[in-house]
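Structural overview for review
The residues making up each chain are set out below.
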Amino acid sequence: STTATYFIGLHTLHDLLCILRKILLVLSLSSYDQFSKQFLEEFLAPLGTVEISHEILGESQLVDVYFVPSPEPSIKPESLGLLGRIAQTPCLIEPFRNQPTTAEVRRCLLKLFQVYGNYQRQARRETESLREDDLPQLWILSSSASSNLLEGFRSIPAENWPKGVYHLPSSLKTGIVAINQLPDNDATLWLRLLGKGRTQQQAIAAVLALTPGDPRRSSILRILANWKISVEVTGQFEAEQELLMTLSKAYLEWEQTTEERGRQEGRQEGSVLTILRILQRRFGVLSPSLEVQIRRLGLEQLEVLSEAIFDFSNVSDVDTWLSQN
């Protein structure tokens, strides 16, 4: 009993240390680290399982982003362009705002090999064979990549991939994306947002130019607004006045969009309550399913319903109108 209590205490202490280590890591993150991880989590979540700061079992290492694609994603990977193509296979993603040093690339490779070691140990425990295709790919997302860095790791332009994408020797299962070298088009937009300087500013401008109804626009504006707040709190990037100005534009756009959405939701909720009140006074208590259907109507549909409501003689007329509209 004493021995069991001792081991349980050790297990609990280990869990506590793991939690504390993650908390310290979050506190030490730069505002860019928080932005890039929030961004990748937001946009990759519809495609599969995303784990931020994934802890490598048995090692004091954390992977920035660990992703496993879903067999049935809720959106088409093609809609995210190059980012969606990267996310078609299991992968480790390590974003860098500045070009990584040789030592930092080596540390990324070390994380990859440690993950492979865990895969192999699990396969042995389950007496299963481990296929090469089952192993995740490492993607290093860098704002830039010099020829010396690329040559030092024998990186070559990836065949059938856009300019700026490089592959290390095939056995290493690693790619480097030099974001500043990517072509300026819709397919690379979501990765160029993780770049630096003019590359990132142009990408943010492209997001602001998207139609207001584009859900991706509202998502990235919210993340950029959070980044602006984080930059102001931490005082980072004070020298990058152009970035701060661009983030301010994104923040103002997000603020206006949020206020307009709030006003519209307020008008919609008011219309719903008014219609429900009129129907209840005319026909008595409404069924929960009927109330749910009315609450799901858009503002324009509610306006049409508010005009048609006085032509109804019973609840069946309401059901008929809902089925037709």
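A brief structural summary. (Residues numbered from 1 in each chain as written. Predicted model: local features only at pLDDT ≥ 70, side-chain atom pairs only at ≥ 80, totals over all residues. Heavy atoms only, no water.)

Let us now look at the overall build of the chain. The helix and strand inventory of the chain stands at twelve helices and seven strands. The buried share of the chain, reckoned over its 325 residues, is 40%. If you take every contact in the chain between residues at least 6 apart in sequence, the share linking residues at least 24 apart comes to 61%. As presented, the chain carries roughly 18,100 Å² of accessible surface, and 53% of it is formed by carbon and sulfur atoms. (Helix = DSSP H or I, 4+ residues; strand = E, 2+ residues; numbered from the N terminus. Buried < 20%, exposed > 50% of the residue type's maximum accessible area, 1.4 Å probe, protein only. Contact = heavy atoms within 4.5 Å. Areas by Shrake-Rupley, 256 points an atom, 1.4 Å probe, with all protein chains shown as cover.)

With five of five residues buried, strand β7 (residues 174–178) lies mostly within the body of the structure. In this structure, strand β4 (residues 137–142) lies alongside β7, joined through five bridges in parallel fashion. Bridging from a neighbouring strand, leucine 141 pairs with valine 177 of β7. Note that strand β6 (residues 165–167) and β7 share three bridges and pair antiparallel. Directly across from histidine 167, in β7, lies its bridge partner glycine 175. (Pairing = 2+ DSSP bridges.)

Summed over the entire model, instances satisfying the criterion amount to seven salt bridges. We note a salt bridge from glutamate 42 to arginine 222, for which the minimum N-O separation is 2.8 Å. Of the two residues, glutamate 42 is situated in helix α2 (residues 31–44) and arginine 222 in helix α8 (residues 215–234); the sequence distance between them amounts to 180 residues. Given the relative accessible area of 28%, glutamate 42 is considered partly exposed. Owing to a relative accessible area of 30%, arginine 222 belongs among the partly exposed residues under this scheme. Between arginine 192 and aspartate 184 there is a salt bridge; the shortest N-O distance is 3.2 Å. Within this structure, Glu269, Glu291 and Arg295 form a network of salt bridges that share partners. (Salt bridge = Lys/Arg side-chain N within 4 Å of Asp/Glu carboxyl O.)

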